[in-house]
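Structural overview
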Amino acid sequence: MKLLKPSWVSHNGKPIFSVDIHPDGSKFATGGQGEDSGKVVIWNMAPVLREEDEKNDNIPKMLCQMDNHLACVNCVRWSNNGLYLASGGDDKLVMVWKRAALIGPSTVFGSSSKLANVEQWRCVTILRNHTGDVMDVAWSPHDVWLASCSVDNTIVIWNARKFPEMVTCLRGHTGLVKGLTWDPVGKYIASQADDHSLKVWRTMDWQQETNVTKPFNECGGTTHVLRLSWSPDGQYLVSAHAMNNSGPTAQIIERDGWKTNMDFVGHRKAVTVVKFNPKIFKKKQKNGSAPKPSCPYCCCAVGSKDRSLSVWLTSLKRPLVVIHDLFDKSIMDISWTLNGLGLMVSSMDGTVAYLEFSQDELGDPLNEEEKNTIHQNIYGKSLAITTEAQLATTIIENPEMLKYQQERQNHGHAAGPGHEATAAKLTSVVNGESLEDIRKNLLKKQVETRTADGRRRITPLCIAQLDTGDFSPALFNSVPILPGSAMSNQMTPQLSSDSSQATSLGLGLRPAHDPLTSPPALLKSLEDDKDGVNSSVIKTSLLLTSASKMEPMKALDSRFTERSKATPGVTAMSSLVGITPLDRVKESCSLVKELKSKEDSSSDSEDKMTAVKSLSSGKRKADPLMEGGEVVEKRKKGRPRKDKITTSMAQPFPQVMTPSLDREPSGVAVAAPVIVLKLPTPAPQKAFSLQVSMEPSVFLEVENEVSLVAGSKLSQLRCNRDGREWDTLLPSKVITAAGSSDVIAVACVDRMLSVFSSCGRRLLPGILLATPMSALHCAGYYVMALTAGAMLSVWDVQKQTALVKNESLQTILAGADVTVSQSLLTQQGVPVIGLSNGKSYCYNSSLETWNLVADKGDSLVQCADFRSCLPSNQAPDSTGPLAVMQGRNLNAGRLSSRLSSTPHRLQQSMTLAFLENQLAAALTLRSSHEYRYWLLIYARFLVNEGSEFRLRELCKDLLGPVHKSAASAWEPTTLGLRKRELLKEVLPVIGQNLRFQRLFTEYQDQLELLRSK
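Residues numbered from 1 in each chain as written. Predicted model: local features only at pLDDT ≥ 70, side-chain atom pairs only at ≥ 80, totals over all residues. Heavy atoms only, no water.

**So, the overall build of the chain**
Put simply, the rule is: Helix and strand definitions here come from DSSP, where helices need a minimum of 4 consecutive H or I residues and strands a minimum of 2 consecutive E residues; each element is numbered from the N-terminal end. Note on classification: 1.4 Å probe, protein chains only; a residue is buried when its accessible area is under 20% of the maximum for its type, exposed when over 50%, partly exposed between these limits. Residues count as neighbours in contact if any of their non-hydrogen atoms are within 4.5 Å of one another. Computed with a 1.4 Å probe, the accessible areas rest on the Shrake-Rupley method; for each residue, only the protein chains presented here act as cover.
Each helix and strand counted, the chain has 27 helices and 53 strands in total. By residue count, 54% of the 1013 residues in the chain fall in the buried class. Looking at the chain alone, contacts between residues at least 24 apart form 55% of all its contacts between residues at least 6 apart. As displayed, the chain offers around 45500 Å² of accessible surface, 52% of which is attributable to carbon and sulfur atoms.

**Here we look at unusual backbone geometry**
In this structure, Pro-164 follows Phe-163 across a cis peptide bond, with omega equal to -5°. Note on placement: Pro-164 falls in the loop between β14 (154-159) and β15 (166-171). Residue Glu-695 is joined to Pro-696 through a cis peptide bond whose omega torsion reads 0°. Within the secondary structure, Pro-696 sits in the loop between β36 (687-693) and β37 (698-709). One non-glycine residue, Asp-325, lies in the positive phi region at around 50°.

**Considerations on helix α23 (residues 904-924)**
Rules: Expected span of a helix: the number of residues minus one, times 1.5 Å.
When the terminal C-alpha atoms of α23 are compared, their 30 Å separation across 21 residues agrees well with the 30 Å that a helix rising 1.5 Å per residue should span. Gln-907, Gln-908, Met-910, Thr-911, Leu-912, Phe-914, Leu-915, Gln-918, Leu-919, Ala-921, Ala-922 and Thr-924 are the residues of α23 that are buried. Those residues of α23 hidden inside the fold are in contact with β50 (839-844), β51 (849-855), α21 (859-863), α22 (881-886), α24 (928-945) and α25 (948-959). Looking one or two places after α23, you find Arg-926, whose phi comes out positive at around 55°.

**Observations regarding the sheet that holds β37**
Going by this rule: Two strands pair under a simple rule: DSSP has to find at least two bridges between them. Note on geometry: axes are lines fitted to C-alpha atoms, helical ones only across the stretch in contact, with angles between N-to-C directions running from 0 to 180 degrees.
One open sheet accounts for four strands, arranged β36-β37-β38-β39; its pairing is antiparallel. At either end of the open sheet lies a strand with only one pairing partner, and these are β36 and β39 (724-730). Looking at each pair of strands side by side, their axes are set apart by 25° on average, direction ignored. The pairing of β36 with β37 spans six bridges and is classified as antiparallel. Looking at the pairing, Phe-688 lines up with Val-702 of β37.

**Some points on the sheet that holds strand β46 (residues 791-796)**
Reading across the sheet, the four strands line up as β44-β45-β46-β47 and stay open at both edges, with antiparallel pairing between neighbours. Each edge of the open sheet carries a strand with a single partner, namely β44 (773-779) and β47 (801-808). When strand polarity is set aside, the average angle formed by the axes of neighbouring strands in this sheet is 10°. In this structure, β44 lies alongside strand β45 (residues 782-787), joined through six bridges in antiparallel fashion. The residue bridging Ala-779 from the neighbouring strand is Tyr-782, located in β45.

**Observations concerning the confidence of the model for the chain**
To keep it simple, the criterion reads: On a scale of 0 to 100, pLDDT captures the predictor's confidence in every residue.
Averaged over every residue, the pLDDT of the chain is 74; residues scoring 70 or more account for 67%. With pLDDT under 50 throughout, residues 384-405 is counted as low confidence; its partners more than four residues away or in other chains account for 65 contacts. In this model, residues 413-436 is a region of pLDDT below 50 whose contacts with residues beyond four sequence positions or in other chains number 41 contacts.

**Here we look at the nonpolar core**
Nonpolar side chains tend toward joint burial in soluble globular proteins. The condition that has to hold: Here, nonpolar core means buried Ala, Val, Leu, Ile, Met, Phe, Trp, Tyr and Cys residues that are tied together by side-chain atoms lying within 4.5 Å of each other.
Phe-914, Leu-915, Trp-934, Leu-935, Leu-983 and Ile-990 are the most contacted members of the largest nonpolar core, which has 51 residues in total. Looking at this core, the elements that each hand over two or more residues are β51, α21, α22, α23, α24, α25, α26 (979-990) and α27 (997-1012). Per-element accounting of this core gives the leading share, 11 residues, to α24. Leave out the neighbours within four places in its chain, and Leu-915 touches Phe-866, Trp-934, Ile-937, Tyr-938 and Phe-941. Ranked by size, the runner-up nonpolar core spans 22 residues in total, among them Val-273, Val-311, Ile-331 and Leu-341.

**Considering the packing of aromatic side chains**
Stated formally: The aromatic pairing rule takes the rings of Phe, Tyr and Trp, using the six-membered ring of Trp, and pairs them if the centres are within 6.5 Å, calling planes under 30 degrees apart stacked, those over 60 edge-to-face and the rest tilted. Counted as over-ring charges are cases with an Arg CZ or a Lys NZ within 6 Å of the ring centre that also lie within 35 degrees of the ring normal.
Summed over the entire model, instances satisfying the criterion amount to 17 aromatic pairs. With a centroid separation of 6.3 Å and 15° between ring planes, the pair formed by Tyr-84 and Trp-139 is classed as stacked. Residue Tyr-84 is located in strand β7 (residues 84-89), and its partner Trp-139 is located in strand β12 (residues 134-139); the two are separated by 55 residues in the primary sequence. Taken as a pair, Tyr-84 and Trp-139 share a single burial class, namely buried. Between the aromatic rings of Tyr-933 and Trp-934, the centroid separation amounts to 5.3 Å while the plane-to-plane angle is 80°, which identifies the pairing as edge-to-face. You'll find Tyr-933 and Trp-934 in the same group, each marked buried. Through successive ring pairs, a cluster of aromatic residues spans Tyr-84, Trp-139 and Phe-163. Of note, Lys-61 hangs over the ring of Trp-8, and the distance from its end group to the ring centre comes to 5.8 Å.

**What about α24?**
With 18 residues, α24 ought to run about 26 Å at 1.5 Å a step, and its terminal C-alpha atoms sit 25 Å apart, in line with that. The element α24 is largely enclosed, with a buried count of 13 among its 18 residues. Remark: Gly-946 follows α24 within two positions and exhibits a positive phi of approximately 70°.

**Describing the environment of Asp-364**
The residue Asp-364 is located in strand β33 (residues 364-365) in this model. Take Asp-364: its relative accessible area is 17%, and that puts it in the buried class. C-alpha separation for the pair Asp-364 and Lys-283, spaced 81 residues apart in sequence, amounts to 6.2 Å.

**What about the pattern of salt bridges?**
Inclusion rule: The term salt bridge refers to a pairing of a side-chain nitrogen on Lys or Arg with a carboxyl oxygen on Asp or Glu at a separation within 4 Å.
For the structure shown, the criterion picks out 29 salt bridges. With a closest N to O distance of 3.5 Å, Asp-855 and Lys-839 form a salt bridge. Remark: Lys-839 occurs in strand β50 and Asp-855 occurs in strand β51; sequence separation between them is 16 residues. A relative accessible area of 16% means that Asp-855 is categorised as buried.

**Quick notes on the side chain of His-22**
Its place among the elements puts His-22 in the loop between β2 (16-21) and β3 (27-33). Aside from chain neighbours lying at most four places away, what touches His-22 is Lys-27, Phe-28, Trp-78 and Gly-82.

**Considerations on the pairing of strand β13 (residues 145-150)**
The element β13 is largely enclosed, with a buried count of six among its six residues. Side-chain alternation along β13 places Trp-145, Ala-147 and Cys-149 on one buried face and Leu-146, Ser-148 and Ser-150 on a second face that is also buried. Across five bridges, the pairing between β12 and β13 is antiparallel. Across the sheet, Trp-139 pairs through a bridge with Leu-146, a residue of β13. Between β12 and β13, which pair antiparallel in sequence order, lie five residues; one of them, His-142, sits at a positive phi of approximately 65°. As judged from the five bridges shared by β13 and β14, these two strands associate in the antiparallel manner. Looking across to β14, one finds that Leu-146 is bridged to Trp-158. Counting the residues in the hairpin turn of β13 and β14 gives three residues, including Asn-153, whose phi is positive at 75°.

What follows is the structure, encoded as structure tokens:
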């Protein structure tokens, strides 16, 4: 081990409260007291590491000094990607700094010319919310959030992707909060305060996970800071300033059950700062000896008010090294280098010390895979794998990249292929070398296409921005993606206009092969004579309309035209094939005659002919392309009440279907039944746009048939996300699109479904659907497709799995005129279908059943009276899936006044049944806040009505078994809510009725018992 105290690192004798080494190891920052303000200084690391660099006057020692803070700076922290530096001070502000493009050396204000700033760092945002001194700041893994804590007893979480947006403010401490630390995967954040407590908060819902007080009860006096630290494997959290037998310790809290059985003992005064080495180590292998399997361990440095520093390995009982009297005053902050071998310490006396260890002393660091495996064992898969390309946009933020670059510099050889190569390539670009050259080269490569009307179109390319004011770490905003680079394979949206897909799919919409317009039975005859196309197509669509017998044919022409427009068969035909089917009215009339079955009167068939004629005369002038649009307009205005009979399968009328099929003019034998489309499909429009997400705001614009390439027309999808745009081309007309903040899904006329990430990367090859798309929804990473053939599918695009596989709506669409009136997908990926008869069903993928979640005609809804049980402070959530499907008919006890004649007993049973339905529905829809809302109403109702059996069963389920046993199948959470936390909310409700005081005390005691365990 080597120890160095560089005397040139100083704030002119004023205290240095904080130090942090940059992730790439090239510089470090200090924060503390300036002359009459707070001071942040960025220093060069080279003179610390190498003596010859320290003696060389040409190598600058100080890189930049920032005096913007109005009062003393208590904490400086680099972001994990090294792009930003956050500082917090006594002026209640958090400032975030970013390196600006070099403008030339500028001098520190009021100093001699020797102190020139070598690098330019400017404040890009000031975060104001604290009402007291900011004591500590901390970046979450992958720089999603920045947390700051203050003497105002609060912790503020900022959205690091969109400064200065505040995510939440964590309140709960009753003393000055003086330290923060994130766990290694960003699942928890821990804080320590002067109120003798250490709290752990969940990042999932920003609620308190646990509160540790025992080790701090004896603590007297205070320290300036309480910098705690989480171990890199996530297993241990080590606090500052704890006491054991009236001796100062650093308390070790185990992640498993938050146990406090161990501590680091030996310092004579209070511990002020603890810092874990970012690496996990394993024992160094002796040369030649067989590798022994050894347990991985972590390394931790502890600094104290007694001016000494100790370094511990979790594999040893005693410290690895203790250095006494390293400073004249208390130690304030510790920072490790990313490679785990260097350690920088700062002190109240205004000096810093640097310690360098060797691998022989600490051990061999684990590589990323091994570290990941450890995270997976502790946190489970979903949270652990956050280093590889799963996090599409955070690749550059990974500090590993900077580490690879460092290794490359050390070894002086070109990085190998694969991950390292991209790492090297990207970082060199980010560090601002040669951005301009890249820009020029890119402009040379731009792709130009001409649209049908002769206008020039230039395909957009992603070019990095040079200014530093941009905060988004999203990769394609800060790094140019070169067409040849390894990144472009993953990241670039399919921009090239001669998209290979267009050619490979060969979509020159040939009517003969289009499965929509020509059912398989007719394919042969269609191919034989192209002239017969129109007639046979018309025949099938008319077959649909005539097959379902309508009311007596009085004023038939208007109704008939209206119907045929609403028939998906017709819409699809006219819009897809782009032929005007009605040029041959004569043929179709004769067809109609043949189609009519014998029982029908001749006057009826004449009526039908006039109908067809009127249809044709109205449309002959219309441009074939516009027909689709026309259809939509017509359908919106006012659709006849029973219009869906036409579209539903003609099952009730088989006797009409068969004779008409026998009389086929072409004489082709019909092998397969015609696929009948039960649900309406949206007709293609020339262009449309929609907003798919409010936060972040995402807009989609679709323009069909923008350009002609090799005979196929391309359509363009444009997406604007928070002002950043991307676009991509599709080889077929887009009929409908949907999206969420995570994915965009687009369905085309050729029955292809394409799914893109929010940044425009294609996530899946096109999905071919059996029938055209009727409704498309996205929520989170879930995509739901409802096809015209009444089949439902839901996919999880992130895990690439199907939650619902081609499930038929046959079960719920039973009945003559039932159709789908609305459909939605919940944030948890549960599909919900609302029908025209007022019932709504959701598909439960675990039970594989259709469950009724809402029924507007349900008498229970109208008769339930739970007005007395509604919470006073909490409005019902109107955005939850249950509320959306039930609509406004939840006015509690609307009919109950009319039912005052009904006996109380009946009313009570109806209300009870209704509330239990609501609970079950919220559970099936996986809507946690609605579940909690109805659970509390239900509990209040049971308490008011005095139903002890049900209450007891409810409490029993929420408490679960007190003693763990292998046999119990009890789950501690439901929908992400902890059952015992819910029980804590239910108990005060039970306490309101004296009849249940036994029940109340019994469960109160059980909870206390569990808590003390």
